[in-house]
Amino acid sequence: MKEKTLIQKFLGTWNTKTIVGVAIGAALFGVLMNYGSIRVFTNTSLTTAMIVPVIVGALFGPLPAAAAAGIGNVIADLIGGWGFWFDWSIGNAVLGLFVGALPLYGAYIEDGIFELKHMIIYAVVVIVGTALAFGLVTPFFTYLWYGGELTITLYQGVVGSVSNIIVLLVAGIPVLKVLAARNAKASNLRRE
Amino acid sequence: MSRKPVIEFKDFNFRYKTQTQATLHDISLTIYEGEKVLLLGASGCGKSTLAHCVNGLIPFSFNGEMTGSLKVAGEETRELSLFQMSGHIGTVLQDSDAQFVGLSVGEDIAYALENDNMPRSEMLPKVYNSAKIVDMHRFLEQVPYNLSGGQKQRVALAGIMHDDVKLLLFDEPLAALDPMMGNFAIELIDRIHQDYGKTILIIEHRFEDVLHRSVDRVVLMDDGRIVADTTPQELLLGSMLWEYSIREPLYISALKQAGCSLQMAKDITDVRTMDLSPYEQQVRTDFEQTAVLEPKEPGEVLIEAENVGFGYEQGRPVLSDVNFKIRRGERIAVVGKNGAGKSTIAKLLCGIIRPTEGQIRFKGEDYTALSIREIGEQLGYVMQNPNQMIVKDMISEEIGLGLSLRDRPQDEIEKSVGEVLKMCNLYEMRHWPVSALSYGQKKRVTIASILVMNPDVIILDEPTAGQDYRVYTEIMTFLEQLNAEFGKTILFITHDMHLAIEYTDRALVFSEGTCIGDDAVFKILSDEDIIQRAHLKETSVFTLAKRLGLPADEFTEHFIKAERRKRSA
Amino acid sequence: MNNGFIINLIPGETFLHKLSGTTKVRLFFVLIIYLIMSFDIRLILPVFVAGLLGLFSLKTDVAALRYIIVFVVAMNILNIVLYYLANPHLGELYFGQETLWFQFTDHYIVTYEEVWFLMSRLLKMLATFLVSLVFILSITPSEMAAGLYNCGIPYKICTVVELAFRYIPDIYRDYQNIKVSMQARGVELDSRKAGVIKRLKQTILILIPLIITSFDRVGDISNAMDLRGFGKGRKRSYYSEHEATADDQKVKIVYLLIAVFDVLYIAAKIIYKIPEVWYPW
């Protein structure tokens, strides 16, 4: 098999399987966004939904990951009835692009490959991506579309970023480790 | 008379790209127009791969290397696109839930037409007509979540009836259906075969259930090869079914058990119509000779449900007035059609939901005060799909999880895990990754992960669903051992009547949200009224007994016990 | 059963429900653009009122929505309070003038301009919420897919929306089952008994099987779709999308007018530099 170029890996192959994968990802995102939160205070919670684009990215590539996150966010709004906030959907999609980049740096979860160096790259990408998505992109659109007080908008972006980074690192790395291990080809099995 | 071939395999071989060995070897098989053929084989025999070759998913979705020739309607398939193939072959897949992609019945039936970009005005009458064939035309607006497995399957069938497809391919149509629904499905397939003259190819390993309606030919596969291409009669007479891990129809086993020689019989494919006169005397003598075994000593009552009722909303009970007792060491089947209350009672027992009326007692004490976690130490629930339970990548970690979450000391965890590993015959594999396990082994790991908390009772949801006879026997033998050697009380939630009569002492039958039967399985299955109401079906051993004028429940008991003796020997 | 989801799967019977998916999606988009571009109470108020009328016309069970409505309103009020606390001079920033109304402290003064700005912003957000809510309550996922398709979005993307809805109840049910089975094995999700990080770590135990079983479906679903000709052509039709009725035609005039207005207003904003927020005095 010919090794895929970086661009091909980035775009993913948009066949039926990928489309279904993105849809399942978006559905899972919607479910976790509405029901899979971990409450911190009354009004603040960590959502585990952001793990989903990581997985979609690992299986299908960054662009499908972005689609799953962006559409998943819209769907979460639809089932929850919270109204549409496209500034956040765009932010989520941008973040999806980053966290779903695993195949670009050689972490092939489906083949069981997720080593220490991939973890480190993943962590860096998560921090940079989140800062960019929720610290810059979302506040930019919030400010442009809805007007608002810049400090507060940025501050909310920072809070969103921090909670996302916590979830993506504390939960994301163990999930990826287990999934990779579950996909790894077993060798040298001995009954003892 | 020259018949027109619809499918022609000639010296056909196929190897998946990811595998080193070929999956299909030297397949030569012709299916003619208007035939009804059963492709029989245990899991992993290659029958699904063969089906994928027939409907075009190979090579469209699965890459691999093909040699030899495969013609569909006279054309070599490697020159056709998947869409051209779909015009000839209509497929109903095994998983009726996954293949229902529309958000309503009408939409799902219309799916192929939508993809053809057909204007809606043309689509509507076509959808209605197709729905009418499968008797779903009154449900066009229904959403999938309200449909039974059988209804979803009929919708899938309607969805491929628009075009003039030549062959209908059914991939394990009985996998997800309750016994009565399974019969309906086989009857419907037969009707389509008769009324519309379609060529039918059924892929299954449940031989007896398919024979509910006759088939012209049976193709038996094993290890990627066709090992027999013959009539059902020939297969029943020979010993190939046993050799290739296909379960023999029960009435045939019963007749053979009694020492009858079937070789001279004219047609033994249907217990309702076959000529039994030559065997009557033999069966009767055998039945009367065997002494009835004494019943098991009843153990102490572990769980008691008294007038239990439950409803999500006031005034709309899902379950009402349920009473039963579960004693130590019992094996109980919980049966009934979907939505009858089986899973509600399981949820109640696990404490996920609590009775809105009546009381559930564990060892005489009301369980209201216990948390889900505390109940988990007395009663464990094993989900149907092992993948829904397994979280760790190493077997011993997975099994020890319940204890480490309870912050037990490490040495205690290791000791308990070690014991459970031995109990479940997994000790030798304790350092293996989960990914290296077969389905049956994974199932054992999930059971072990529950046993580690040392519950008295375990509830298993469809432990053998979708598995062939070999895996079925592996899982059930293991459970029997847990019951006999370690005294575990086991509840099986199941549609499988074979399982119920072979491996359980008692059945709780649910219908319309209440328990309508609580008795030995043999007795339950001789009650016409309960059979109807709970969507069960009479087993062929019963039919046999009735036709011979023998007491059906005792005869079944006699047969099952003889089978058990044979198994333990 | 709707599983407590806000969106309906079966179309309703009122005027808005009966419009075609295309009409609903287009109307929604022009209104969202309208609300995003305008910070002018004269423009927002009519849409807000129309949204309220729309909500009542749907004859839905408002009690079921009470929690969401209270939550969204509370969050937005909290937001403007925070804005005020961060900067009591937003009014001056936007309008270049300040007229004192009263003051709490030397720093926290309240000006008419500030109040006007914050109220405009609140109304804008609530109108956006109302329009979204009415849209969500009036459309089914299939109509939405068809509507998006007719707005020029490739059908492969529209399919994602529809398919996601199809499998949400299944995934939700799996989620519940897995969660409970893990709780029985000892996972503690009660916030009184375990800290945030501990609960987050234990949630991993639910996520892993949920992710694996969810994505296990992909192969079967895509096979079912391929076998029924998904992706055959560049165009596709929709069973759920009925032909435009007389009502659709009427609403079409409305959304076309709004669309024209949207374009002109945005152009005017750029060319004539209309102030961002309208202030009458």
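Note that the coordinates shown come from a computational prediction; the quantities given were computed from them, not determined experimentally.

Asks: What should I look at first to understand the overall build of chain C in this one?
Replies: A tally of helices and strands in chain C yields 10 helices and 2 strands. Radius of gyration (C-alpha) of chain C: 24 Å, far over the 19 Å computed for a compact globule of 281 residues. Each of the three principal axes of chain C carries a C-alpha extent, and together these read 65 × 60 × 35 Å. Looking at chain C residue by residue over its 281 residues, the buried ones come to 57%. Sequence-distant contacts in chain C: of pairs separated by 6 or more residues, those separated by 24 or more amount to 75%. Within the structure as shown, chain C displays about 12,300 Å² of accessible surface, and the carbon and sulfur contribution to it stands at 67%. Computing the positive centroid from 28 side-chain charges and the negative centroid from 23, chain C places the two 7 Å apart.

Asks: Explain the packing of helix α2 (residues 21-37) of chain C against helix α3 (residues 41-57) of chain C here, please?
Replies: All names here are of chain C. Look at α2 against α3: their axes get within 10 Å of each other, and the N-to-C directions meet at 145°. In terms of crossing hand, the pair formed by α2 and α3 is left-handed. Here α2 contributes L31, Y34 and L35 to the contact with α3, which in turn contributes L43, I44 and V47. Looking at the contact of α2 with α3 residue by residue, the classes come out as 6 nonpolar, no polar and no charged.

Asks: Any chance you could explain the interface of chain C and chain A here in plain terms?
Replies: When the parts of a complex come together, some accessible area is lost, and that lost area is often used as the size of the interface. At the junction of the two partners, chain C supplies 66 residues and chain A supplies 58 residues. Each partner contributes to the roughly 5,500 Å² buried at the junction of chain C and chain A, and carbon and sulfur atoms together form 82% of this total. The tally of links between chain C and chain A comes to 5 residue pairs in polar contact (both at pLDDT 80 or more). Residue assignment for the side of chain C that touches chain A shows that the elements contributing at least two residues are α2, α4 (62-86), α5 (90-95), α6 (112-138), α8 (155-185) and α9 (196-227) of chain C. The element contributing the most residues to the side of chain C that touches chain A is α9 of chain C, with 21 residues. Of the residues assigned to the side of chain C that touches chain A, the class counts are 49 nonpolar, 10 polar and 7 charged.

Asks: Looking at this structure, how should I read empty space enclosed by the protein?
Replies: One way to see where empty space is left: roll a probe the size of a water molecule over the atoms. Scanning the model with the defined rule gives 8 cavities of 30 Å³ or more in all. For the largest cavity, the full set of lining residues is V101, G102, E107, Y111 and E114 of chain B together with T159, E162, L163, M225 and R236 of chain C. Secondary-structure elements contributing two or more residues to the lining of the largest cavity are α5 (111-115) of chain B together with α8 of chain C. Among the elements that take part in the lining of the largest cavity, α8 of chain C stands out by supplying 3 residues, more than any other. Residues that form the lining of the largest cavity fall into these classes: 4 nonpolar, 2 polar and 4 charged.

Asks: Would you mind going over the interface of chain B and chain C with me for this structure?
Replies: Residue-level contacts link 63 residues of chain B with 54 residues of chain C. Around 5,100 Å² of area is buried between chain B and chain C when both sides are counted, 56% of it from carbon and sulfur atoms. The interface formed by chain B and chain C contains 7 salt bridges. Between R373 of chain B and E188 of chain C there is a salt bridge whose closest N-O contact spans 3.5 Å. Here chain B and chain C share 29 residue pairs in polar contact (both at pLDDT 80 or more) between them. Elements represented by at least two residues in the side of chain B that touches chain C include exactly α2 (57-60), α3 (82-88), α4 (105-109), α5, α6 (120-133), α15 (372-375), α16 (395-404) and α18 (439-451) of chain B. A breakdown of the residues in the side of chain B that touches chain C according to their chemical character gives 32 nonpolar, 18 polar and 13 charged.

Asks: Looking at this structure, I do not really get helix α14 (residues 342-350) of chain B. What am I missing?
Replies: Within α14 of chain B, 7 of the 9 residues are buried, which leaves the element mostly enclosed by the surrounding structure. Here α14 of chain B has its buried residues at K342, T344, I345, A346, L348, L349 and C350 of chain B.

Asks: It is not clear to me how the pattern of salt bridges should be interpreted in this structure. Could you clarify?
Replies: Between side chains of opposite charge, pairing is possible as soon as their charged atoms come close. Enumeration according to the criterion identifies 52 salt bridges over all chains in this entry. Across the pair K152 of chain B and D97 of chain B runs a salt bridge, and its minimum N-O distance is 2.7 Å. Taken together, the positions of K152 of chain B in helix α7 (residues 149-159) and D97 of chain B in the loop between β6 (89-92) and α4 put the pair 55 residues apart, joining distant regions of the chain. One salt bridge in this structure joins E143 of chain C and K24 of chain C, with 2.8 Å as the shortest N-O distance. Taken together, the positions of E143 of chain C in helix α7 (residues 141-150) and K24 of chain C in helix α2 put the pair 119 residues apart, joining distant regions of the chain. The exposure class of E143 of chain C is buried, given its relative accessible area of 5%. What makes K24 of chain C buried here is its relative accessible area of 5%. It is possible to trace a salt-bridge network through shared partners that takes in R3, E35, R217 and D229 of chain B.

Asks: What am I meant to see in the sheet that holds strand β9 (residues 217-222) of chain B here?
Replies: Residue and element names in this part refer to chain B. Pairing is mixed in the open sheet, where 6 strands are placed in the order β6-β7-β8-β3-β9-β10. For this open sheet the edge positions go to β6 and β10 (225-230), each flanked by a neighbour on one side alone. Adjacent strand axes in the sheet meet at a mean angle of 20° when their direction is disregarded. Sheet topology places strand β3 (residues 36-40) next to strand β8 (residues 199-204); 5 bridges connect them, and they run parallel.

Asks: Looking at this model, I keep getting lost on the environment of A51 of chain B. Mind explaining?
Replies: All names here are of chain B. Take A51: it is sitting in helix α1 (residues 47-55). Linking A51 and K4, residues 47 residues apart in sequence, is a C-alpha distance of 20 Å. Once residues within four sequence positions are removed from consideration, A51 is found in contact with L169 and I203.

Asks: Explanation requested: the environment of A49 of chain A in the structure shown.
Replies: All names here are of chain A. Mapping A49 onto the fold places it in the loop between β2 (45-47) and α3 (51-60). Expressed as a C-alpha distance, the spacing of A49 and V137, which sit 88 residues apart in the sequence, is 19 Å. Among all residues touching A49, those that are not within four sequence positions of it are F29, L32 and M33.

Asks: When you look at the side chain of S181 of chain C in this model, what are you seeing that I'm missing?
Replies: Mapped onto the elements, S181 of chain C comes out in helix α8. Residue S181 of chain C is classed as buried on the basis of its relative accessible area of 8%.

Conventions we followed
- Residue numbers run consecutively from 1 along every chain, following the written order of its sequence.
- Chains and ligands are labelled by the order in which they are written, letters from A for the one and numbers from 1 for the other.
- Where totals are concerned, whole chains, interfaces and linings use all residues; where local detail is concerned, this predicted model gives features only for residues with pLDDT of at least 70, and gives and counts side-chain atom pairs only at 80 or more.
- Values shown for side chains rest on all heavy atoms present in the structure; no hydrogens or waters enter the calculation.
- Secondary structure elements follow DSSP: runs of H or I of four or more residues count as helices, runs of E of two or more count as strands, with numbering from the N terminus.
- In this setup the radius of gyration rests on C-alpha atoms only. A globule is expected at 2.2 Å times the number of residues raised to 0.38.
- The buried label applies to any residue whose accessible area, calculated with a 1.4 Å probe on protein chains only, is under 20% of its type's maximum; exposed applies above 50%, and partly exposed to all values in between.
- Should any heavy atoms of two residues lie within 4.5 Å, those residues are counted as being in contact.
- Residue exposure ignores everything except the shown protein chains as possible cover, and the areas themselves are Shrake-Rupley values with a 1.4 Å probe.
- Positive residues here are Lys and Arg, negative ones are Asp and Glu, while His and the chain termini are left out of the count.
- Think of each charge as sitting on NZ of Lys, CZ of Arg, CG of Asp or CD of Glu.
- Note on geometry: axes are lines fitted to C-alpha atoms, helical ones only across the stretch in contact, with angles between N-to-C directions running from 0 to 180 degrees.
- For a crossing to be left-handed, the near helix must be turned anticlockwise from the far one by less than a right angle; the clockwise case is right-handed.
- Three classes are used: nonpolar for Ala, Val, Leu, Ile, Met, Phe, Trp, Tyr, Cys and Pro, charged for Asp, Glu, Lys and Arg, and polar for all others, with Gly counted as polar.
- By buried area we mean how much accessible surface two parts lose on assembly, using a 1.4 Å probe and totalling the loss over both.
- The definition of a polar contact used here is a pair of N or O atoms within 3.5 Å, where within protein one atom must be able to donate a hydrogen and the other to accept one, and adjacent residues in sequence count solely through side-chain atom pairs.
- Only protein atoms enter the 1 Å grid used here, on which a cavity is any set of points holding a 1.4 Å probe that cannot leave and a pocket is any open set flanked by protein within 12 Å on both sides along at least five of seven lines; residues with an atom within 4 Å of a point are listed as lining.
- Grid points are joined across faces, edges and corners, and a volume is the space filled by probe spheres set on the points.
- Salt-bridge detection follows one rule: a side-chain nitrogen of Lys or Arg within 4 Å of a carboxyl oxygen of Asp or Glu.
- Following DSSP output, two strands are said to pair if at least two bridges run between them.

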